[in-house]
Amino acid sequence: MKPDLFEAPDYYNLDDLLTEEHKLVRDAARKWVKREVSPIIEEYAQKAEFPTQIIKGLAEIGAFGSYIPEEYGGAGLDQISYGLIMQELERGDSGIRSTASVQSSLVMYPIWKYGTEEQRKKYLPKLASGELMGCFGLTEPDYGSDPAGMISNFKDMGDHFLLNGAKMWISNAPFADIAIVWAKNEEGRIHGLIVERGMEGFSTPETHNKWSLRASATGELIFDNVKIPKKNLLPEKSGLGAPLGCLDSARYGIAWGVIGAAMDCYDTALRYSKERIQFGKPIGAFQLQQKKLAEMITEITKAQLLTWRLGVLRNEGKVTSPQISMAKRNNVDMAINIAREARQILGAMGITGEYSIMRHSMNLESVITYEGTHDIHLLITGMDITGLNAFK
Ligand code: TGC
Ligand code: FAD
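Residues numbered from 1 in each chain as written. Chains lettered and ligands numbered in written order. Predicted model: local features only at pLDDT ≥ 70, side-chain atom pairs only at ≥ 80, totals over all residues. Heavy atoms only, no water.

Attention now goes to unusual backbone geometry. Of note in this structure, A48 is not a glycine but carries a positive phi near 55°. Mapped onto the fold, A48 is located in the loop between α1 (20-46) and α2 (55-60). The backbone of N209 shows a phi angle near 70°, a positive value even though the residue is not glycine. Relative to the assigned elements, N209 resides in the loop between β6 (202-203) and β7 (218-229). Residue classification places N209 among the exposed residues on the basis of a relative accessible area of 75%. (Helix = DSSP H or I, 4+ residues; strand = E, 2+ residues; numbered from the N terminus. Buried < 20%, exposed > 50% of the residue type's maximum accessible area, 1.4 Å probe, protein only.)

Written as structure tokens, this is what we have:
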């Protein structure tokens, strides 16, 4: 892979909207990605493996639980800093951002918000330092977009719960030490349970043959009469709103993250367009290539503004779930289109692993599907503006 020459586009001087702390956090993450991710990511994507050796570094830049209070080992940062870290990680690779999203928003967040003080103290500091890694099991083979129908269930056996069922498409499952698992009790109410690796009857087979998110480990969670201690139930929130509340946080991070992937594709294509000579001049001098590049920077700038505003609303505690859906949907679509156009600017070189664009493009095919598909987020917006529910 070529050396990482990335320069971040900032067409509307959006840095002026950031605090010194935001810029420090972002620049540290950017530097770390250049040093630790860019040199190895192509090799790991090719061999379809998550580079576990970067876990410690991810913890050190505050990527695990950026906004979790310091008393629980988190970095105690605001929502914009969290977003900027996600942006920088996804500039490197969506799979790296995925691991950090899952750990922060889908594992630490529910323990922080729905757990007991004992659970917070037991798990959060170790998750923040990367000593423990987690995963989040909501999706099932027959229930993806419609998680309310889930079959996984647990029975009260007096001194413990007995968990049965299966989850699939679970990021980090193959190496996670703990799983936040959503399952129904005997009354059909959804609850979160902390399931630990090593519990009898719990297995996590890896999912192979992915053309997307290859540097992220994906797997199943299988529960065959797993005995769960009662103290592992997250008691403070139940119902589908509990996992969906975690998804709000993760979807918010994705809205920022994919801007990183788009910026990397744009920056690579812009540089290439000035260096590649055809018909006696740089291809960037042709109007058709300029149209592509001009549209890319316009879309990136719009996405940056949307996301910055979303961050302000989230910091103020005023954001709505449909506002997050709009940003997730818009920004992933923006990034996937930019990756496709940028690939074309590089001609045949664009399909090789010498450049990051094809890897970003393939990764974004997962990102447009997970955490609520492109269609589901449109229907959430539709429901919000009309008051009419297209799901039921
Ligand atoms: P519905 O009846 O609308 O809602 C059920 C309850 O949930 C509440 N609620 C929310 N709460 C918090 N945040 C949200 N975003 C919420 N949306 C809804 C709602 O108020 C209600 O509460 P209550 O108290 O009245 O019971 O539910 P529904 O069954 O009709 O479904 C609605 C729909 C389709 C929007 C929802 O099911 C959905 O979002 N589906 C998409 C599923 C999804 O996103 N799965 C993601 C799995 S995790 C993942 O992909 C991780 S990838 C990680 C990585 O690698 O980065
Ligand atoms: P389906 O729900 O079967 O949807 C298929 C198609 O039908 C989609 O185009 C969808 O938009 C459309 N559709 C569905 N319902 C409607 C409707 N009402 N109206 C119109 N169109 C509709 N899940 C986890 O729980 N944890 C994880 O860590 C996790 N990581 C993932 C990692 C990867 C790499 C991938 C690819 C997925 C991951 N997922 C995870 C699962 C992901 O959240 C689901 O794939 C996603 O929610 C969609 O579910 P599905 O794949 O079953 O598609």
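Generally speaking, a soluble globular protein has its nonpolar side chains buried in company with each other. In terms of nonpolar packing, the biggest core is built from 66 residues, with L89, I111, L127 and W182 touching the most fellow members. Sort the elements by how many residues they give to this core and helix α4 (residues 94-114) lands first, with nine residues. In terms of nonpolar packing, the next biggest core, distinct from the first, is built from 33 residues, M296, I300, A303 and V367 among them. (Core = buried A, V, L, I, M, F, W, Y, C linked by side-chain atoms within 4.5 Å.)

Further remarks concern the packing of helix α3 (residues 79-92) against helix α9 (residues 357-367). Where α3 meets α9, the closest approach of the two axes is 10 Å, and the angle between their N-to-C directions is 125°. Considered as vectors, α3 and α9 are oriented oblique to each other. Seen from α3, the contacting residues are E90, R91 and G92; seen from α9, they are R359, H360, L364 and V367. Classifying every residue of the contact of α3 with α9 gives two nonpolar, two polar and three charged. (Axes fitted to C-alpha atoms, helices over the stretch in contact; angles between N-to-C directions. Parallel < 35°, antiparallel > 145°, perpendicular 65-115°, else oblique. Contact = heavy atoms within 4.5 Å. Nonpolar A, V, L, I, M, F, W, Y, C, P; charged D, E, K, R; others polar.)

Let us look at a nonpolar patch on the surface. Together, Y11, Y12, L17 and L305 make up a nonpolar patch on the protein surface, roughly 440 Å² of accessible area in all. Note on placement: Y12 falls in the segment before α1. Residue classification places Y12 among the exposed positions, given a relative accessible area of 55%. (Patch = residues over 30% accessible without salt bridge, like charges linked within 9 Å, V, L, I, M, F, W, Y side chains within 5 Å. Areas by Shrake-Rupley, 256 points an atom, 1.4 Å probe, with all protein chains shown as cover. Salt bridge = Lys/Arg side-chain N within 4 Å of Asp/Glu carboxyl O.)

Glancing now at the site of ligand 1. Residues in close proximity to ligand 1 total 26 residues, the closest being S98, S171, R251, E371 and K392. A distance of 2.9 Å separates a nitrogen atom of ligand 1 from a polar side-chain atom of D248. At 2.7 Å from an oxygen atom of ligand 1 is found a side-chain nitrogen or oxygen belonging to K392. For ligand 1, whose free accessible area comes to 1100 Å², the fraction covered by protein is 72%. At the level of secondary structure, the elements contributing two or more residues to the shell around ligand 1 comprise α4 and α6 (241-275). (Near = heavy atom within 4 Å. Polar contact = N/O pair within 3.5 Å; in protein donor to acceptor, adjacent residues only side chain to side chain.)

If you walk through the whole model with that rule in mind, you get 22 salt bridges. The partner of K47 in a salt bridge is E43, with the nearest N and O atoms 3.2 Å apart. We note a salt bridge from K122 to E196, for which the minimum N-O separation is 3.5 Å. With K122 in helix α5 (residues 117-129) and E196 in strand β5 (residues 190-196), this pair connects stretches of sequence that are 74 residues apart. Judged by its relative accessible area of 23%, E196 falls in the partly exposed class. Through salt bridges with shared partners, one network takes in D4, R91 and D264.

Below, the discussion takes up the packing of aromatic side chains. Within the structure shown, the criterion is met by 14 aromatic pairs. For the ring pair Y67 and Y82, a centre distance of 5.0 Å and an interplane angle of 80° mean the geometry is edge-to-face. Here the residue Y67 occupies a position in the loop between α2 and α3, and Y82 occupies one in helix α3, the gap between them amounting to 15 residues. We note that Y67, like Y82, is buried. Measuring from centroid to centroid gives 6.3 Å for Y109 and W112, while their planes differ by 80°, and the two rings are edge-to-face. Taken as a pair, Y109 and W112 lie in helix α4 at a separation of three residues, close to a single helical turn. By the ring-pair criterion, three or more aromatic residues cluster together here, those being Y67, Y82, Y109, W112, Y114, F136, W182 and Y252. Over the face of the ring belonging to Y44 we find K47, whose NZ or CZ atom lies 4.2 Å from the ring centre. Over the aromatic face of Y252 sits the side chain of R314, whose NZ or CZ is 5.2 Å from the ring centroid. (Phe/Tyr/Trp six-rings, centres within 6.5 Å; stacked < 30°, edge-to-face > 60°. Lys NZ or Arg CZ within 6 Å of the ring centre and 35° of its normal.)

By themselves these figures say nothing about function.
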